[in-house]
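Descriptive analysis of the structure
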Amino acid sequence: DIELKYFGITGLGECIRATLALSGTAFKDTKLTGPEWGALKATLPAGSQLPIFEMTTADGERLALSQSRAILRLCGDLTYEGKALYPTDAMERFYCDEAIEMVEDFRPYMVPSFSIADQAEKEATRLALIREGGKMWNGLSKLNERLGKFDFCAGKSPTVADAYVVTVCYMF
């Protein structure tokens, strides 16, 4: 009995959707419009944000959780081919978190480009970010080198880090 509430865009809720899909977990995917989010937000505690992950615990308690990366790691208890998507092995878990945090090092530089309406200006801005010497160059180079070490982000099987890295890089 899981429901994910987020906008119908590829954003920080998408890696959660991907993780749920990878694990084969059925969930209600509620894609909110701006006005729907405004109406919902008015009913929530101050500071609430999307995504919202609603679930029922084994004790029957209904929870509404937020913070995308925390939800992602929670969903990592789900499995793909019998293996948890958030590793239980300490080093695999480190590699998983490391890849996610590498992306977080450069993701803030992308965000301002999302609001640029003119497509040519947006592309020029993004190109400047990823070119050698650009603000994202070192982070992307480091991530590229790191991803070459394993079949997947944290080893031989997919993890929540794969869902996160692919989703965030795709957004850009």
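So, a few notes on the structure that sits alongside this text. Since we're looking at a predicted model, the values are computed, not measured.

Secondary structure assignment for the chain yields 7 helices and 6 strands. Secondary structure elements of the chain occur, N-terminal to C-terminal, as β-α-β-α-β-β-α-β-β-α-α-α-α. Taking 2.2 N^0.38 as the reference for a compact globule, 172 residues should give roughly 16 Å; the C-alpha atoms of the chain span a radius of gyration of 17 Å, in line with that estimate. Projected onto its principal axes, the C-alpha positions of the chain cover 55 × 40 × 25 Å. Residue burial in the chain is summarised as follows: out of 172 residues, 40% are buried. Accessible surface for the chain amounts to roughly 9,700 Å². Of this, 54% is attributable to carbon and sulfur atoms. One finds the centroid of the 19 positive side-chain charges in the chain at a distance of 3 Å from the centroid of its 24 negative side-chain charges.

Let's shift gears to the sheet that holds strand 4 (residues 62–65). Spatially, the 4 strands line up as an open sheet ordered 2-1-3-4, and their pairing is mixed. Every other strand in the sheet has two partners, leaving strand 2 (28–32) and strand 4 as the edge strands with one partner each. On average, each strand axis in the sheet is tilted by 15° relative to the strand beside it, whichever way the strands run. Across 4 bridges, the pairing between strand 3 (residues 52–56) and strand 4 is antiparallel. By the bridge assignment, Glu54 is partnered in strand 4 with Ala64. Where helix 1 (residues 14–23) meets the sheet, its contacts fall on strand 1 (3–7), strand 2 and strand 3, and the angle it forms with strand 1 comes to roughly 145°.

This part takes up the packing of aromatic side chains. When we look at a pair of aromatic rings, we describe it by the centre distance and by the angle of the planes. This model, assessed by the stated rule, comprises 3 aromatic pairs. Between Phe94 and Tyr95, the aromatic rings sit 5.6 Å apart at their centres with planes inclined by 65°, giving edge-to-face as the arrangement. When the ring of Tyr95 is compared with that of Phe150, the centres are 4.9 Å apart and the planes differ by 50°; the resulting orientation is tilted. With a gap of 55 residues between them, Tyr95 in helix 4 (residues 90–110) and Phe150 in the loop between helix 6 (137–147) and helix 7 (160–171) connect regions that are remote in the sequence.

Glancing now at helix 5 (residues 119–130). Between its first and last C-alpha, helix 5 extends 17 Å over 12 residues, near the 16 Å set by a 1.5 Å rise per residue. Contact partners of the buried residues in helix 5: helix 4, helix 6 and helix 7.

Before going further, it helps to spend a moment on the environment of Ala18. You can see Ala18 is positioned in helix 1. The partly exposed category is assigned to Ala18, whose relative accessible area is 32%. Each C-alpha atom, one on Ala18 and one on Thr88, is 20 Å from the other, the two residues being 70 residues apart in sequence.

Quick look at the packing of helix 1 against helix 7 now. Two elements in contact, helix 1 and helix 7, have axes whose closest approach is 8 Å; the angle formed by their N-to-C orientations is 140°. When the interaxial angle is binned, helix 1 and helix 7 end up oblique. Between helix 1 and helix 7 lies a crossing of right-handed hand. Only Val160, Ala163, Tyr164 and Thr167 of helix 7 make contact with helix 1, whose side of the interface consists of Glu14, Cys15, Ala18 and Thr19.

With 38 residues, the main nonpolar core has Ile16, Phe53 and Tyr164 as its most contacted residues. Ignoring anything within four residues of it in the chain, the contact list for Tyr164 reads Leu12, Cys15, Arg69, Leu72, Ile100, Val103, Glu104 and Arg107.

Conventions and cut-offs
- Residues numbered from 1 in each chain as written.
- Predicted model: local features only at pLDDT ≥ 70, side-chain atom pairs only at ≥ 80, totals over all residues.
- Heavy atoms only, no water.
- Helix = DSSP H or I, 4+ residues; strand = E, 2+ residues; numbered from the N terminus.
- Rg over C-alpha atoms; globule rule 2.2 N^0.38 Å.
- Buried < 20%, exposed > 50% of the residue type's maximum accessible area, 1.4 Å probe, protein only.
- Areas by Shrake-Rupley, 256 points an atom, 1.4 Å probe, with all protein chains shown as cover.
- Lys, Arg positive; Asp, Glu negative; His and termini not counted.
- Charge placed at Lys NZ, Arg CZ, Asp CG, Glu CD.
- Pairing = 2+ DSSP bridges.
- Axes fitted to C-alpha atoms, helices over the stretch in contact; angles between N-to-C directions.
- Contact = heavy atoms within 4.5 Å.
- Phe/Tyr/Trp six-rings, centres within 6.5 Å; stacked < 30°, edge-to-face > 60°.
- Expected span 1.5 Å × (residues − 1).
- Parallel < 35°, antiparallel > 145°, perpendicular 65-115°, else oblique.
- Left-handed = near helix turned anticlockwise from the far one by under 90°.
- Core = buried A, V, L, I, M, F, W, Y, C linked by side-chain atoms within 4.5 Å.

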